[in-house]
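# Residue-level structural notes
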Amino acid sequence: DRDVTGVQTCALPISRIATPSDGEVAAYYLALKSQIKAPFQEIKMQLQASLKATEIRDARLDYADALRSRADVTVLLKQSRVEVAFDRGRLRGDPNAIVTIVEFADYQCPFCKQSETTLNNLLKKYPGQVRVAFRDFPLSSIHPYAEEAAEATRCAGKQGKFWEFHDALFADQAKLDQAQLKVTAQTLGLDGNAFQSCLQSGEY
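Overview of the structure.

Quick notes on the rules
- Residues numbered from 1 in each chain as written.
- Predicted model: local features only at pLDDT ≥ 70, side-chain atom pairs only at ≥ 80, totals over all residues.
- Heavy atoms only, no water.
- Helix = DSSP H or I, 4+ residues; strand = E, 2+ residues; numbered from the N terminus.
- Buried < 20%, exposed > 50% of the residue type's maximum accessible area, 1.4 Å probe, protein only.
- Salt bridge = Lys/Arg side-chain N within 4 Å of Asp/Glu carboxyl O.
- Polar contact = N/O pair within 3.5 Å; in protein donor to acceptor, adjacent residues only side chain to side chain.
- Contact = heavy atoms within 4.5 Å.
- Disulfide = S-S within 2.5 Å.

So, on to the side chain of arginine 92. Relative to the elements of secondary structure, arginine 92 occurs in strand 1 (residues 91-93). For arginine 92, a relative accessible area of 18% puts it in the buried group.

Encoded structure:
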């Protein structure tokens, strides 16, 4: 395409993107079948729209890349960056790794439990390259045991067993009341009196 000055330009090809065929939509459905419970015919139109939206988005990204490659543009703005503080005593992985993931989590949250598997897999897949820092984010309004559970892990950390306690709580989220926290401390070999004193003092 050429603009009014006769300079060749790159037109955004949205109008040329065809509606996905039935075969393409069916293949898309099969790829997502493990995540979708509804029958194909019930959600066929939604899947078709979603697939086309994805293609349009990709076309826009390609268009933007094409424009950047042809333009003489210098970006002087610095990329936005926020420093997130974390406790080095609650750091898992190589302390010198170049990638730091700061996790904000709640011990009573089922989705947080699921994310633990992902984070542990990342540490195994990229040894020496990734480290994970943990920050407490108890949602007390909906998870009544989360805050005391977080305090308990800190008390365990005073005895060098933060991660062991952390893993135990996520392994069984049914054991978060105070009586079960004491049992977990005992199972991990913590000094029971020191642990109980720390927990009752409200130090954390």
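Before going further, it helps to spend a moment on the pattern of salt bridges. Evaluated as defined, the whole model comprises ten salt bridges. Arginine 68 serves as the salt-bridge partner of aspartate 65, at 3.0 Å between the closest nitrogen and oxygen. Of this pair, aspartate 65 and arginine 68 both sit in helix 2 (residues 40-70), three residues apart, which is roughly one turn of that helix. Residue classification places arginine 68 among the exposed positions, given a relative accessible area of 58%. What you see here is one network of salt bridges that share partners, running through Asp87, Arg90, Asp136 and Arg154.

Attention now goes to the side chain of glutamine 48. Here glutamine 48 lies in helix 2. Owing to a relative accessible area of 14%, glutamine 48 belongs among the buried residues under this scheme. At 2.9 Å, the side chain of glutamine 48 forms a polar contact with the backbone oxygen of proline 20. Look past the residues within four positions of glutamine 48 in its chain and what remains in contact with it is Thr19, Pro20, Asp22 and Val25.

Bringing the state of the cysteines into the picture now. Within this structure, the stated rule accounts for one disulfide. In this model cysteine 155 forms its disulfide with cysteine 198; the gap between the sulfur atoms is 2.1 Å. Taking the torsion about the S-S bond as the criterion, the cysteine 155 to cysteine 198 disulfide, at about -80°, is left-handed. Residue cysteine 155 is found in helix 4 (residues 146-158), and its partner cysteine 198 is found in helix 7 (residues 192-201); the two are separated by 43 residues along the sequence.

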